[in-house]
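Analysis of the macromolecular model
Spelled out from the first residue to the last, the chains are:
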Amino acid sequence: MAAQTLYDKLWQSHLVEQREDGTALIYIDRHLIHEVTSPQAFEGLRLAGRTPWRKDANLAVPDHNVPTERQERLGGVAGIADPISRLQVQTLDDNCSDFDIVEFQINDPRQGIVHVVGPEQGATLPGMTVVCGDSHTSTHGALGSLAHGIGTSEVEHVLVTQCLLQRKMKNMMVRIDGELQNGVTAKDVVLAVIGEIGTAGGTGYAIEFGGQVIRDMSIEGRMTVCNMSIEAGARMGMVAVDQTTLDYVKGRTYAPSGEQWNAAETVWRTLHSDDDAQFDSTVVLEGAQIKPQVTWGTSPEMVLPVDGEIPTPADIENSSQKEATERALVYMGLEGGSKVSDIRPDKVFIGSCTNSRIEDLRSAAKVVRGKHIAASIKEALVVPGSGEIKRQAESEGLDKIFTAAGFLWREPGCSMCLAMNADKLLEGEHCASTSNRNFEGRQGFGGRTHLVSPAMAAAAAVAGHFVDVRDWNYEGE
Amino acid sequence: MKKFTVVKGVLAPMDRANVDTDLIIPKQFLKSIQRSGFGPNLFDALRYTDMGEPGQDCSNRPLNPDFSLNQARYRNASILLSRENFGCGSSREHAPWALEDYGFRCVIASSFADIFYNNCFKNGILPVALDASLIDSLFSAVDAEEGYQLTVDLERQLVVKPDGEEIAFEVDAFRKHCLLNGLDEIGLTLQSADAIKKYEQQWREKSPWLFDVIH
């Protein structure tokens, strides 16, 4: 057999039917569901008198709308102040109950952001196909699975048929060689990749991330990288299975054990691209050259190293890019030629499916330990990705470090990443955010987002402006 | 799903690259559990000068006069013209729902983001990708002539200009077939139920750890 990429192998093992017109029916192992993109799909089932093909393939959790403020949260669904959000979360509960689908409800100890919960519970595993009505489903590719976001019509399609109709994507290898500098994280790596290939660079491709930097990365870090594949235009990003993957998966609630583990491990160890596999495109970055990154504009590709200067439209030749830069500068209230380090955030958000895992919180806590947020910071939020992470962080005393430094310690959910709940920016406010999108209005009407790593967000909170975390003076070191 | 055969209508320009789905329909409107009613909030942050809230009557909200869709010449437009990477970002199908609810049946751009492109076909909207130079010429034409109309013929895979000039476009044969006939994709897939069952059985034998664990 010809040499295969990881994507080729995952595709091949899930192929139900290849059709002459180039489309294929692909089997879906795990379908994750949240409250925003599913109500219309369940309604479609009702209208057509259809039922789920395989109930145990589905797992639901509300995350986008849930309040993160403790008092409001304690009231459960009934306590959600916004009646429209309340109805949406209630609708998920009702649909899961009607169709007999397992749901971690709002105050279930396992609740959290769907892309954090899946891997954490072992509900997403190597070798699976994983879909969800959410573009950041690419996160799960970090485990060596084929994972991508779908629309609501496809949510309905998967519920009813356990399959999706797809065309095979092209293969792209993004290789990060060497080692990262101290203070440079997975977030900086993926922002640097997006800066290099652009937000449409991965359109039409499945990206595999490889190279020594990825090999040395924890699963949490790999999830951060795969999470933002979609910001590079690729629906799916993935990483080959290795010992790090197996160590992460072993012992999780829904992961196999005993003899089944041994059988699974044998299969999983084959989940890597063959040595001589061919990629349609290859991008190589040198790890040591990546600096901490900060986005300055309204697209993730508008990104610079922290010591960079914001572009001046007059210097840009391409008219479309020039116009986009001018528009972004106006929206962001920034001057071309000014320094990234002069940007002063009003708010700080540490959370989201990109950066709300335990190592993200540890990395931010290390930066703020013994320090306090600057007087100019109006609000600094830490929103753990799940109940499990929240408890783990509390057992390590991280919550105390954050609150002593002036941060608010919240309940798990998507929160200010997309501001569907009460956590949002006001018009004109700048935010140092560990989330994934800096689009106009993403974190609130007129809000101005700067995407950074957890350590960089924490450092900006303390300093009151963006600083190079590589130079950070850690307390007690 | 609504059929798409031939659509003739006014072309409206949306002259920017990387139009993301947050821009097409902002997050606060995603709280709806309905599939319709998103049209009044299409491009909400660009269209109005205040901040929109779900459930609000939009008829008296302050309009942004600079936004193309608010200009009389583009009223009742059914074809949208834009630039590269249209529909990037979130997978929300609310984006094509909003476009369709507003009255758009076709989006012409130099390129599309994958998920949005796919979502359009499920909702009776035809996304047409054309070379950037052709897009440039369409922007010039729509700017020069008030009431500029195009005809989009899916069967023949042609965009026809008012002077009769034809521009060919590519579309996947299966998607074309579904759109031309307004077919329900789920119904089609269920015709392969036996093949799915057969696959599932061997997959369950090979990978039992993937089955019956979540209950």
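Look up: the structure comes first, before these words.
The structure presented is a predicted model; accordingly, all values stated were derived computationally and were not measured.

1. Regarding the overall build of chain A
From N to C terminus, chain A includes 16 helices and 18 strands. At 22 Å, chain A has a C-alpha radius of gyration in line with the 23 Å of a compact globule built from 477 residues. Taking the principal axes of its C-alpha atoms as reference, chain A extends roughly 55 × 55 × 45 Å. Every one of the 477 residues in chain A was classed for burial, and the buried ones make up 66%. For chain A, restricting intrachain contacts to residue pairs at least 6 apart in sequence, the fraction spanning at least 24 positions comes to 76%.

2. With respect to the interface of chain B and chain A
How big an interface is tends to be stated in terms of accessible area lost as the parts join. Each partner contributes residues to the interface: chain B has 61 residues there, and chain A has 81 residues. When the buried area of chain B at its contact with chain A is split by residue, Lys31(B), Trp209(B) and Ile214(B) rank highest and sum to 15% of it. Connecting chain B to chain A are 7 salt bridges. Run the count over chain B and chain A and you get 36 residue pairs in polar contact (both at pLDDT 80 or more). For the side of chain B that touches chain A, the class distribution of residues is 26 nonpolar, 16 polar and 19 charged.

3. As for unusual backbone geometry
Residues and elements named next belong to chain A. Phi is positive for Gln 162, which is not a glycine, with a value near 60°. Relative to the assigned elements, Gln 162 resides in the loop between helix 6 (152-161) and strand 7 (163-166). When its relative accessible area of 1% is taken as the criterion, Gln 162 is described as buried. One non-glycine residue, Ser 415, lies in the positive phi region at around 55°. In this fold, Ser 415 is placed in the loop between strand 16 (408-409) and strand 17 (430-433).

4. With respect to helix 4 (residues 83-98) of chain A
All names here are of chain A. Taking 1.5 Å of rise per residue, the 16 residues of helix 4 would be expected to cover 22 Å, and the 22 Å separating its terminal C-alpha atoms lies within 8% of that figure. Within helix 4 the residues assigned to the buried category are Ser 85, Gln 88, Val 89, Thr 91, Leu 92, Asp 93, Asn 95 and Cys 96. Buried residues in helix 4 make contact with strand 3 (30-33), helix 2 (39-48) and strand 4 (58-60). Among the residues of helix 4, the N-terminal cap falls to Asp 82, whose side-chain oxygen and the backbone nitrogen of Ile 84 are separated by 2.9 Å.

5. Notes on the pairing of strand 2 (residues 24-27) of chain A
Residue and element names in this part refer to chain A. Side-chain alternation along strand 2 places Ala 24 and Ile 26 on one buried face and Leu 25 and Tyr 27 on a second face that is also buried. With 3 bridges connecting them, strand 1 (residues 15-18) and strand 2 associate as antiparallel partners. By the bridge assignment for strand 2, Leu 15 is matched with Ile 26. Hairpin connection, strand 1 to strand 2: the antiparallel pair is bridged by 5 residues, and Gly 22 has positive phi, about 95°.

6. Digging into the nonpolar core
Judged by nonpolar contacts, the single largest core of 112 residues is most densely connected at Phe402(A), Phe407(A), Phe43(B), Phe86(B), Leu99(B), Ile108(B) and Leu126(B). Broken down by element, the residue count for this core peaks at 8 residues, all from helix 16 (residues 454-463) of chain A. Beyond its immediate sequence surroundings of up to four residues, Leu99(B) is in contact with Ile24(B), Leu42(B), Phe43(B), Leu80(B), Phe86(B), Phe104(B), Val107(B), Phe116(B) and Ile125(B). One finds Val16(A), Leu25(A), Leu92(A) and Met236(A) within the second-largest nonpolar core, a separate group that totals 99 residues.

7. Looking at the sheet that holds strand 11 (residues 281-286) of chain A
Residue and element names in this part refer to chain A. Judged by pairing direction, the sheet is parallel, and its 4 strands sit side by side in the order 10-9-8-11 without closing on themselves. On the outer flanks of this sheet lie strand 10 (236-238) and strand 11, each paired with one strand and no other. The sheet shows a mean angle of 20° between the axes of neighbouring strands, taken without regard to direction. Bridging between strand 8 (residues 170-177) and strand 9 (residues 205-210) involves 6 bridges; their strand directions are parallel. Bridge pairing links Arg 175 to Gly 210 in strand 9. The sheet contacts of helix 7 (residues 186-197) involve strand 8 and strand 11, and relative to strand 11 the element is tilted by about 125°.

8. Some thoughts on the side chain of Ser82(B)
Residues and elements named next belong to chain B. Note that Ser 82 resides in the loop between strand 2 (79-81) and helix 3 (94-102). Judged by its relative accessible area of 0%, Ser 82 is buried. Among the polar contacts made by the side chain of Ser 82, one reaches the main-chain carbonyl oxygen of Met 14 at a distance of 2.9 Å.

9. Here's the deal with the state of the cysteines
Residue and element names in this part refer to chain B. Applying the stated criterion across every chain, the model contains 0 disulfides over all chains. In this structure Cys 88 is a free cysteine whose sulfur lies 13 Å from that of Cys 120, the closest cysteine sulfur available. Not engaged in a disulfide, the cysteine Cys 106 finds its nearest cysteine sulfur in Cys 120; these two sulfurs lie 9.2 Å apart. Judged by its relative accessible area of 0%, Cys 106 falls in the buried class.

The rules behind each value
Residues numbered from 1 in each chain as written. Chains lettered and ligands numbered in written order. Predicted model: local features only at pLDDT ≥ 70, side-chain atom pairs only at ≥ 80, totals over all residues. Heavy atoms only, no water. Helix = DSSP H or I, 4+ residues; strand = E, 2+ residues; numbered from the N terminus. Rg over C-alpha atoms; globule rule 2.2 N^0.38 Å. Buried < 20%, exposed > 50% of the residue type's maximum accessible area, 1.4 Å probe, protein only. Contact = heavy atoms within 4.5 Å. Buried area = accessible area lost by both parts, 1.4 Å probe. Salt bridge = Lys/Arg side-chain N within 4 Å of Asp/Glu carboxyl O. Polar contact = N/O pair within 3.5 Å; in protein donor to acceptor, adjacent residues only side chain to side chain. Nonpolar A, V, L, I, M, F, W, Y, C, P; charged D, E, K, R; others polar. Expected span 1.5 Å × (residues − 1). Pairing = 2+ DSSP bridges. Core = buried A, V, L, I, M, F, W, Y, C linked by side-chain atoms within 4.5 Å. Axes fitted to C-alpha atoms, helices over the stretch in contact; angles between N-to-C directions. Disulfide = S-S within 2.5 Å.

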